[in-house]
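Spelled out, the chains give:
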Amino acid sequence: MPMLDIHDIHTYYGNIHALKGVSLTVEEGEIVTLIGSNGAGKTTTLRSICGLQKPRRGSILLHGEDLVAYKPHQIVEKGVAMVPEGRGIFARLTVAENLDLGAYIRRDRRGIQEDLEHVYGIFPRLKERTRQVAGTLSGGEQQMLATGRALMAQPRLLLMDEPSMGLAPLLVDAIFDVIQTINRKGTTILLVEQNALMALSIAHRGYVIQTGEIVLKDTAANLKNNETVRKAYLGIE
Amino acid sequence: MKNMIRNSLRTGIVFGIITVFLFLVGFTGTAANILADLLNNESAPPLFGWAPPMLNTVIFVGLIGLWAGASGASREKDVAGDPYGAAVLGGGIAGFVQGLLTGLVMALVGTLNERGVMMSKYLAELLPAAVKQAMLGFPPPGAGAFYLLFLTAAGALGGLATRGLGRGGRRPREAIRTWAREKVEVLPWVQSLRRSPAVKYAVYGILLLGILLLPLFAGQYWNYTIGTVGIYVLLGLGLNIVVGLAGLLDLGYVAFFAIGAYAMALLTAPTPHNLMWNFWLVIPIGILLAAVTGILLGAPVLRMRGDYLAIVTLGFGEIIRILSKSDDLSDFTGGPRGVPAVAGPDFFGLNVNSGIAFVYLIFLSVLLVIFVTNRLQNSRVGRAWEAMREDETVSRAMGINTLTQKLLAFAIGAAFAGLGGALFASRNQFTGPEDFNLMVSINVVAVVIVGGMGSIPGVIAGALVLKGLPEMLRQLEDYRVMVFGALLVVMMLWRPAGLIPSSRRKMEIDKDAGLAETAEEGRGK
Ligand SMILES: Nc1ncnc2c1ncn2[C@@H]1O[C@H](COP(=O)(O)OP(=O)(O)OP(=O)(O)O)[C@@H](O)[C@H]1O
Ligand SMILES: [Mg+2]
């Protein structure tokens, strides 16, 4: 049984039909990437999983249990954490407070402390800035914070919405390295990206979404060589 | 140079219009009375032939003149050569223009008055006696000339004073701050005092002791005022949780205050129900009822955001008041005439003066509420509220059940108001619909904003300023709303984050101010 099994979901914003029957699966331990151009419905897919935007039809099974019936905070408790689009850090709170909020659902103080050290181990720059107000961090540091904050929830499934957005190439490399490290330590990842090349080079499998529908799915390696993907998303003739 | 003169002229015109306006609405006379109270010089011997009322008018106008001069002079950043001359010139020009406007109006009004025109028909404040006082014993043209000369001199002096305080013609506030930073704060003993925590605690201790002893000496009238301020502190702290911490704009906060008050009144008073329950029993009931109402109202309403929430709560506040006023319900609520003979607390057989004891009871409640607020602020719940105020969607994605958290904030805020209301009704030994009009909600919002959102000391300061100060300046009665508005405007300019802002808000506003300043400098170049 796949860890996450999304079957034919239809999600609306009012009467805007944003997802028109999206189906995808994520196996335990995988990195799966969802690529597509602006407005294709990538963020909407992640919001549907989190419960922030409920699909009107279809099912989202996590370990066989349908998430559609649950509220966002209950879904977090089931081990799904998100790095939101545009980072979504709490700008007026400090770095430490942001991380603390990531662990909001947990009550095991010792475990939280350990994970905090773990996050600081991955992102030493955050450790130097624990008391700095998050809004004054650089864009790259904010992305690190958003990622670290999501890790603080000890997720089994991590949803990441365009973690490379607005970062310098060097930092993009660093963030993707971290994503791989996190994955090797046992966290399953669903990665939404516009930077398709980078995403496909670290992912196991990938899906291509276009105006609310999945148009392609394959292993990452195959997608990278796929003619349409190369033209439309990799910018390679 | 040309720039400086233009600035001074403009300042002079603005201050001139303000002075004339204050005179026409009779505020100069009121201010003179306030000064008489403050200086306590009502029966002082005349100075320069002016008896105290006129003398105080002169002082007041002089103060405005100094201010005009200070603003008129402090614009120009850098006048080469003779900075004092430039400052005096700038201030003097501002004062001259202000004096010209004021003097002309005075001369005109004075002349009309002498001809027997009843100006109070058009402007109620321009009674013959009031105009006479403004003439300072001169014939009208003489009074005009006097104001012109006097304000010019005051302006020049104001300009000189600012320049003397701060080099380089900075604004007065900045100049004083720089002066404090460079001259006072570097003194070794100031530094060591600053660093020592003992001093901090000693200051707090003395302050607290002073407050605690105050009711013993304050007398009945002032104890009443202190009690009112205390109740507004309770309300402010409650609304502070709702607005300041959880970020929910509740404009009908008075409803919970009313519920606490009516719980106390209906359960303890002989009419209309004759239940005559004990005060101490009803206090928790009032708190609980308010909290439950908060949840019942909140559950459907808190799904709305921002403006809608404000409007719905505003309506709720009015509904409660109108219900309490309804004739049809008067068998149950006491109707428009309210509920008399609300019980006071019995102090367990102790024989104490109940007026003073009640003030201490309010103090105790305030301390309790401060304690609870403080604990909440630093808890998981407080953290969740902060996250929610920052970004509701993201905080949901962090696993925060935002609806529960909002309800909790609403209920706790309501509980504080319920306590305040119960105390209020008992202290007044009466409650009625008119105690709970919209102004109460607005006042409490103002207490929170003026004091500093999210800050406990801020709320206390806000309640003192908005509820205590008007009592100290009883003379202001007629102008309360005007002064209140002016105060808010001044506040916005002077302390945009509130009197005692929370560190977080201060940070945020300072950051914005920093940006604004850079932009201004950029433009000046
Ligand atoms: N709050 C909203 N209200 C109405 N329509 C929305 C809303 N959010 C998204 N949409 C619409 O839903 C569609 C999918 O949007 P979505 O944000 O999922 O795109 P995306 O693939 O994440 O794009 P991008 O790469 O630009 O972030 C778009 O057509 C968008 O206009
Ligand atoms: Mg998106």
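Treat the numbers as computed from the prediction; the structure is a model and nothing was measured. (Residues numbered from 1 in each chain as written. Chains lettered and ligands numbered in written order. Predicted model: local features only at pLDDT ≥ 70, side-chain atom pairs only at ≥ 80, totals over all residues. Heavy atoms only, no water.)

This paragraph deals with the sheet that holds strand β7 (residues 157-161) of chain A. Residues and elements named next belong to chain A. Here we have 6 strands laid out as an open sheet, ordered β6-β7-β8-β3-β9-β10, and mixed in their pairing. Bordering the open sheet on either side are β6 (80-83) and β10 (213-219), each of which pairs with just one other strand. Pairs of neighbouring strands in the sheet enclose a mean axial angle of 15°, with direction left out of account. Relative to strand β8 (residues 188-193), strand β3 (residues 31-35) is paired through 5 bridges, and the arrangement is parallel. Across the sheet, the residue bridging to Thr33 is Leu191, located in β8. (Pairing = 2+ DSSP bridges. Helix = DSSP H or I, 4+ residues; strand = E, 2+ residues; numbered from the N terminus. Axes fitted to C-alpha atoms, helices over the stretch in contact; angles between N-to-C directions.)

We now examine the confidence of the model for chain B. All names here are of chain B. Mean pLDDT for chain B: 83, with 88% of residues reaching 70 or above. Long-range and interchain partners of residues 513-525, a stretch whose pLDDT sits below 50, account for 0 contacts in this model, where long-range means more than four residues apart. Here the predicted complex scores 0.75 on pTM and 0.91 on ipTM. (pLDDT = per-residue confidence, 0-100. Contact = heavy atoms within 4.5 Å.)

This next bit is on the domain arrangement of chain A. The parts lose accessible area when they come together, and the size of an interface is often stated as this lost area. Residue and element names in this part refer to chain A. Domain boundaries assigned for chain A yield domain 1 (1-79 + 157-237) and domain 2 (90-154). Taken over C-alpha atoms, the centre of domain 1 sits 24 Å from the centre of domain 2. On the side of domain 2, 11 residues touch domain 1, which itself brings 12 residues to the contact. Summed over both partners, the interface of domain 1 with domain 2 comes to about 960 Å²; 81% of that surface belongs to carbon and sulfur atoms. At the surface where domain 1 touches domain 2, the tally comes to 0 salt bridges. Linking domain 1 to domain 2 there are 0 residue pairs in polar contact (both at pLDDT 80 or more). Of all the elements in the fold, those that place two or more residues in the side of domain 1 that touches domain 2 are α2 (72-77), β7 and α7 (169-184). The element contributing the most residues to the side of domain 1 that touches domain 2 is α7, with 4 residues. In terms of residue class, the side of domain 1 that touches domain 2 is built from 9 nonpolar, no polar and 3 charged. (Domains from an automatic or database assignment. Buried area = accessible area lost by both parts, 1.4 Å probe. Salt bridge = Lys/Arg side-chain N within 4 Å of Asp/Glu carboxyl O. Polar contact = N/O pair within 3.5 Å; in protein donor to acceptor, adjacent residues only side chain to side chain. Nonpolar A, V, L, I, M, F, W, Y, C, P; charged D, E, K, R; others polar.)

Glancing now at the interface of chain A and chain B. Contacts between the two partners involve 22 residues from chain A and, on the opposite side, 21 residues from chain B. Area buried by chain A at its contact with chain B is led by Phe90, Arg92 and Tyr104 of chain A, which between them contribute 36% of it. Between chain A and chain B we count 3 salt bridges in total. One salt bridge connects Glu97 of chain A with Arg383 of chain B, and the closest N-O pair in it is separated by 3.9 Å.

This part takes up the packing of aromatic side chains. One pass over the structure, following the stated rule, counts 16 aromatic pairs over all chains. On the basis of an interplanar angle of 50° and a centroid distance of 5.9 Å, the ring pair of Tyr262 of chain B and Phe436 of chain B is categorised as tilted. Here the residue Tyr262 of chain B occupies a position in helix α10 (residues 254-268), and Phe436 of chain B occupies one in the loop between β2 (430-431) and α18 (438-451), the gap between them amounting to 174 residues. We note that Tyr262 of chain B, like Phe436 of chain B, is buried. An aromatic cluster of at least three residues, connected via ring pairs, comprises Trp50, Phe138, Phe146, Tyr147 and Phe150 of chain B. The ring of Tyr70 of chain A has Lys78 of chain A lying over it, and the distance from NZ or CZ to the ring centre is 4.2 Å. The ring centre of Tyr232 of chain B lies 4.6 Å from the NZ or CZ of Lys467 of chain B, which sits over that ring. (Phe/Tyr/Trp six-rings, centres within 6.5 Å; stacked < 30°, edge-to-face > 60°. Buried < 20%, exposed > 50% of the residue type's maximum accessible area, 1.4 Å probe, protein only. Lys NZ or Arg CZ within 6 Å of the ring centre and 35° of its normal.)

The next point concerns the environment of Leu151 of chain A. All names here are of chain A. One can find Leu151 in helix α6 (residues 139-151). Given the relative accessible area of 9%, Leu151 is considered buried. Spatially, the C-alpha atom of Leu151 lies 12 Å from that of Thr181, the residues being 30 residues apart in sequence. Apart from residues lying up to four places away in sequence, Leu151 is in contact with Asp115, Val119, Ile122, Leu158 and Ile182.

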